[in-house]
Amino acid sequence: MAKARQTKLFTIGYEQTPSKAVLDELEAAGVKLLVDVRAVAASRRPGFSKSQLKAGLDERGIGYVHLRGLGTPKEGREAARSGNIAQLERVYSAHLTTPQAREEMDELAALVMKAGPVCVLCYERDHTHCHRRWIAEIIEDREGVAIENLVTPQV
């Protein structure tokens, strides 16, 4: 377990942030694999739809995996948009009991331990109001890794 304590799991949100700033932050942190945990890997923000994001990461030597099963269901996304974090937590907690979410959480844990440094990405800027916080905490508890929440400049 000594190695696990040295392992970090990063998280990042791209709300109000240009893609270059996110890519710069990932590169500066030494991230080798970005795990996209959005249910829908599409975005109105330039550079953050799945194919654009993957291309930007490829240019920097960072891998990309989309684990859509760890994304927030529509009801949870609606709760988050309305600021109802308690409802988001209820919806997401129930979602984490689904077979796909459990399988993808296992996959993420394996990636963190083998492919690191890994960063979990979604939209919400503030990790305390985001499902990626719960994902990171689960991996922290299971694998003993340290969590670091990356923050980029806002525009």
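Since the model is a prediction, treat every value here as computed from it, not as a measurement.

What counts as what
- Residues numbered from 1 in each chain as written.
- Predicted model: local features only at pLDDT ≥ 70, side-chain atom pairs only at ≥ 80, totals over all residues.
- Heavy atoms only, no water.
- Axes fitted to C-alpha atoms, helices over the stretch in contact; angles between N-to-C directions.
- Helix = DSSP H or I, 4+ residues; strand = E, 2+ residues; numbered from the N terminus.
- Left-handed = near helix turned anticlockwise from the far one by under 90°.
- Contact = heavy atoms within 4.5 Å.
- Nonpolar A, V, L, I, M, F, W, Y, C, P; charged D, E, K, R; others polar.
- Polar contact = N/O pair within 3.5 Å; in protein donor to acceptor, adjacent residues only side chain to side chain.
- Phe/Tyr/Trp six-rings, centres within 6.5 Å; stacked < 30°, edge-to-face > 60°.
- Buried < 20%, exposed > 50% of the residue type's maximum accessible area, 1.4 Å probe, protein only.
- Parallel < 35°, antiparallel > 145°, perpendicular 65-115°, else oblique.
- pLDDT = per-residue confidence, 0-100.
- Salt bridge = Lys/Arg side-chain N within 4 Å of Asp/Glu carboxyl O.

*Asks:* In this structure, what is going on with the packing of helix H6 (residues 99-115) against helix H7 (residues 131-143)? I would like to understand it.
*Replies:* The description of two packed helices rests on the angle between their axes and on the distance between the axes. The contact between H6 and H7 brings their axes to 10 Å, and the two run at 65 degrees. Where H6 crosses over H7, the handedness of that crossing is right-handed. Residues Met105, Asp106, Leu108, Ala109, Val112 and Met113 of H6 form the contact with H7, whose participating residues are Ile135, Ile138, Ile139, Arg142 and Glu143. Partitioning the contact of H6 with H7 into residue classes produces 8 nonpolar, no polar and 3 charged.

*Asks:* Even after reading the chapter, I still don't get the side chain of Gln87, so can you show me in this structure?
*Replies:* Structurally, Gln87 can be placed in helix H5 (residues 85-95). Polar side-chain contacts of Gln87 include one of 2.9 Å to the side chain of Glu75. Gln87 has contacts with Glu75 and Ala79, leaving out every residue within four places of it along the chain.

*Asks:* Explain the packing of aromatic side chains to me, please; I cannot follow it from the model alone.
*Replies:* One pass over the structure, following the stated rule, counts 3 aromatic pairs. A ring pair is formed by Tyr14 and Tyr123, whose centres lie 5.2 Å apart and whose planes are at 80 degrees; its orientation type is edge-to-face. Here the residue Tyr14 occupies a position in the loop between strand E1 (8-13) and helix H2 (19-29), and Tyr123 occupies one in the loop between strand E4 (118-122) and H7, the gap between them amounting to 109 residues. On the basis of relative accessible area, Tyr123 is assigned to the partly exposed category, the value being 38%.

*Asks:* So what exactly am I meant to see when it comes to the packing of H5 against H7 here?
*Replies:* Contact geometry of H5 with H7 gives a least axis separation of 10 Å together with a crossing angle of 50 degrees. One way to sum up the angle between H5 and H7 is to call them oblique. In this structure, H5 meets H7 at a crossing whose hand is right-handed. Contacts from Leu88, Glu89 and Tyr92 of H5 reach H7 at His131, Trp134 and Ile135. For the contact of H5 with H7, the class distribution of residues is 4 nonpolar, 1 polar and 1 charged.

*Asks:* How should the confidence of the model for the protein chain be read in this particular structure?
*Replies:* Detailed reading of the predicted coordinates is not advisable wherever pLDDT falls low. Per-residue confidence for the protein chain averages 92 on the pLDDT scale, and 96% of its residues sit at or above 70. Least confident of the elements in the protein chain is helix H1 (residues 2-6), whose mean pLDDT is 51; most confident is strand E2 (residues 33-36), at 98. Contacts from residues 1-5, a stretch scored under 50 in pLDDT, to residues over four places away or in other chains number 7 contacts.

*Asks:* How do you make sense of H2 when you look at a structure like this?
*Replies:* Three- or four-residue spacings in an α-helix give side chains the same orientation, since the helix completes a turn every 3.6 residues. Within the sequence span of H2, burial applies to Ala21, Val22, Leu23 and Leu26. Its buried side turned inward, H2 meets E1, E2, helix H3 (50-59) and E4. Downstream of H2 by one or two residues, Gly30 has phi in the positive range, about 80 degrees.

*Asks:* What's the story with unusual backbone geometry in this structure? I'm lost.
*Replies:* Glycine aside, a negative phi is what most residues show, and trans is what most peptide bonds show. A positive phi is found at Gln16, a non-glycine position, where the angle reads about 60 degrees. Position of Gln16 among the secondary structure elements: in the loop between E1 and H2.

*Asks:* Teacher, can you tell me more about the pattern of salt bridges here?
*Replies:* Pairing is possible between side chains that carry opposite charge, provided their charged atoms lie close to one another. Applying the stated rule across the entire model yields 8 salt bridges. In this structure, Glu27 and Arg60 form a salt bridge, with 2.8 Å as the shortest nitrogen-oxygen distance. A residue pair is termed long-range when its members are at least 10 positions apart, and Glu27 in helix H2 and Arg60 in the loop between H3 and strand E3 (63-66) qualify at 33 residues. For Glu27, a relative accessible area of 43% corresponds to the partly exposed category. Sharing partners across several salt bridges, the network here consists of Lys20, Asp24, Glu27 and Arg60.

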